[in-house]
Amino acid sequence: NAPYAASKHAVQALTECLYVECADAFPQISVSVVCPAAVDTNIFADALTEGEDASEEARAELQQMREHLSVHGISSEQAAQMIVAGLARGDFWIVTHPERFQVLASRRAQFLEHRLDPVGNVAAERRSG
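Remember, it's a predicted structure, so these values are computed and weren't measured experimentally. (Residues numbered from 1 in each chain as written. Predicted model: local features only at pLDDT ≥ 70, side-chain atom pairs only at ≥ 80, totals over all residues. Heavy atoms only, no water.)

Enquirer: What is the right way to read the side chain of T96 from this model?
Expert: With respect to the secondary-structure elements, T96 resides in the loop between β2 (93-95) and α4 (98-113). For T96, a relative accessible area of 5% puts it in the buried group. Within the local environment of T96, its side chain forms a polar contact with the backbone nitrogen of A37, the two atoms lying 2.8 Å apart. Other than its neighbours up to four places away in sequence, T96 contacts C35, P36, A37, I74, A79 and M82. (Helix = DSSP H or I, 4+ residues; strand = E, 2+ residues; numbered from the N terminus. Buried < 20%, exposed > 50% of the residue type's maximum accessible area, 1.4 Å probe, protein only. Polar contact = N/O pair within 3.5 Å; in protein donor to acceptor, adjacent residues only side chain to side chain. Contact = heavy atoms within 4.5 Å.)

Rendered as structure tokens:
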């Protein structure tokens, strides 16, 4: 999860900087950050946690994520339509699942505000909460 999370945070920070810099130097350029949630893709189809050496916990988590996508996921086409519409409106924040984004953003703010220790991934939290 570390490279995945680091790349997401890096892209968001880079996009925020580009937004500010373009607003000053190149106002004709708009910049947006896309925050997709459950988009029904093949992201978990060939996940490495399914090999012979995978733990039961890892397999169960992978299955839970697949089920989550099949129940709550939107199609790639739906995501693309939302992204194009957000770009057309000039939105900075383009989110596919506003309610989920709100939960995650609030959760992150609480961790930062209260200097809480990191916890495991979201799938594990859903099982316990």
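Enquirer: Would you take a moment to explain the packing of aromatic side chains for this structure?
Expert: Applying the stated criterion across every chain yields a total of three aromatic pairs. Here a set of aromatic residues connected by ring pairs shows up, and it is made of Y19, F92, W93 and F101. (Phe/Tyr/Trp six-rings, centres within 6.5 Å; stacked < 30°, edge-to-face > 60°.)

Enquirer: Looking at this structure, I do not really get unusual backbone geometry. What am I missing?
Expert: Trans peptide bonds make up most of the peptide bonds, and negative phi angles are found at most residues other than glycine. Although it is not a glycine, R115 sits at a positive phi angle of roughly 50 degrees. For R115, the location among the structural elements is in the loop between α4 and α5 (122-128). Classification of R115 as exposed rests on a relative accessible area of 74%.

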